[in-house]
Amino acid sequence: MSAVSPAELRSALERLLGGTIARLERRPCSYRTSYELDELDVQLEDGTALRLMLKNLSRGALDPAARQAKPEFLHDPLREIEVYRSLLAAAGLGTPRFHGAVVDPGRDRYWLVIEHVAGEVLWQVGELEVWQDAARWLAVLHHRYAGQDLGATGSHLLDFDAEFYRSWMRRALDFADQASRAQLESLSTRYDGVAERLAAQPVTFAHGEFYASNVLIQRGGATVRVAPIDWENAARASGLVDLAALTTGGWSAPEREAIARGYLDQLAELGDRRSEAELLESLELFRLHLAVQWLGWDPAWSPPDEHRHDWLGEAAAIAGRLGL
C-alpha cells in the first residue's frame, strides 16, 4: 500500500465514495496481522466524515513471514471482497459497513474499503456475557445461511470438506519435529474418521477463523455490537468450526459450555433446537481440528501472542476425552 501514491488513493476513494475528498489522513493500522492495513480519516466536501479501513488483499501485500507460512490453497484475494459485497453488505448483522473495492488483477490490486469500527477486540474483554453475545451472533449468522445456495460468492469460498480436514493432519505431520511426531502419528491413524465426522455436520456460511482476535466489540449503553473482521478464510462449513474457534483459549470447561449455551439458546429462539450433549461432543471434534490446523502451519511462522499455545498437548487432551 505504501507504494500507492496519495493522488491514486484519493482518486480511487472518490470513485468508491461518490464525492470529492476535502481531507484525507492515512496511517498504518497497529492492529495489522498479515495483510497491509491502513486507517483512513476522510472528509468529503459536503462535510461527511468517515473513518475507514483500507485492506490490501493481494498476495504480495502479505507480511513476508505470513506469505511463507500461509498455504497457497487458502489464498483468494476476491474471497473477502465478495463476502462483504454479496453476503454482508445488506445482511444487517452489524459487520463493518462495506464502502467498496478496487479490483485490478493485471496489477495484483485487490483493495477492500470498509468502516473502521471503534471498539474493543474480544480477546481483551473479560466478561463472559459478552462472549455469549458473540456466540449468539454466530447462531444468527449460521441460521440465516443454513442450506442456502450462496450464488456467485460461493465460488470464492473455501469448502471445509473431509479432504480439507485431512490435509491439515498431513501438514502437521510434515512439520512435526522428532519429539512430537510419534504422538501425532498415533492420532493420525484415526483421523480419517474424525475428518468424515466433521464433514458430515450440516453446512452453512462460516467465518472460518472466528477467533476472539477477529471480533470487534462496540458497546454503547445496554447494546453490544458484534463486528467480526478478517473474512479471508470464509467457507462453506459447519458453523461449529466458528464456535470452536471462539471457545479456544484459557476457558474452563464450564465456561466453554456457557458460551456454547448462548449459541444453543439463540438457535432455539430461531426455531432450531439441538441436543446440547451432541453439540458439545461435536464442538470438541472441531476444537481438535483447530489444534491440528495450528500444528499444520509452517513452523517458521510465529503466531500472534493470543494464539501461542501448546497445540499438540491440546490435541492429545481432546483426543483422550473423545476416546480416540
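Residues numbered from 1 in each chain as written. Predicted model: local features only at pLDDT ≥ 70, side-chain atom pairs only at ≥ 80, totals over all residues. Heavy atoms only, no water.

### Here we look at the overall build of the protein
In step 1: When you go through the protein residue by residue, the secondary structure sums to 11 helices and 11 strands.
In step 2: Relative to the 2.2 N^0.38 estimate, which gives 20 Å for 324 residues, the radius of gyration of the protein is 20 Å and therefore close to what a compact globule would have.
In step 3: For the protein, buried positions account for 53% of its 324 residues.
In step 4: For the protein, the accessible surface area stands at approximately 14200 Å², while carbon and sulfur atoms represent 48% of it.
In step 5: Placing the 34 positive and 48 negative side-chain charges of the protein at their respective mean positions leaves the two points 2 Å apart. (Helix = DSSP H or I, 4+ residues; strand = E, 2+ residues; numbered from the N terminus. Rg over C-alpha atoms; globule rule 2.2 N^0.38 Å. Buried < 20%, exposed > 50% of the residue type's maximum accessible area, 1.4 Å probe, protein only. Areas by Shrake-Rupley, 256 points an atom, 1.4 Å probe, with all protein chains shown as cover. Lys, Arg positive; Asp, Glu negative; His and termini not counted. Charge placed at Lys NZ, Arg CZ, Asp CG, Glu CD.)

### Observations regarding the sheet that holds strand 3 (residues 49-56)
Adjacent strands of a sheet form backbone hydrogen bonds with each other and so pair up, either parallel or antiparallel.
In step 1: One open sheet accounts for 5 strands, arranged 1-2-3-5-4; its pairing is antiparallel. With one partner strand each, in any of the chains shown, strand 1 (21-28) and strand 4 (98-104) form the two edges of the open sheet. Direction aside, the axes of adjacent strands within the sheet are offset by 20 degrees on average.
In step 2: Relative to strand 5 (residues 109-115), strand 3 runs antiparallel, the two sharing 5 bridges. Bridge pairing links Leu 52 to Glu 115 in strand 5.
In step 3: Contacts from helix 1 (residues 6-17) reach strand 1, strand 2 (36-44), strand 3, strand 4 and strand 5 within the one sheet, and its direction differs from that of strand 1 by about 115 degrees. (Pairing = 2+ DSSP bridges. Axes fitted to C-alpha atoms, helices over the stretch in contact; angles between N-to-C directions. Contact = heavy atoms within 4.5 Å.)

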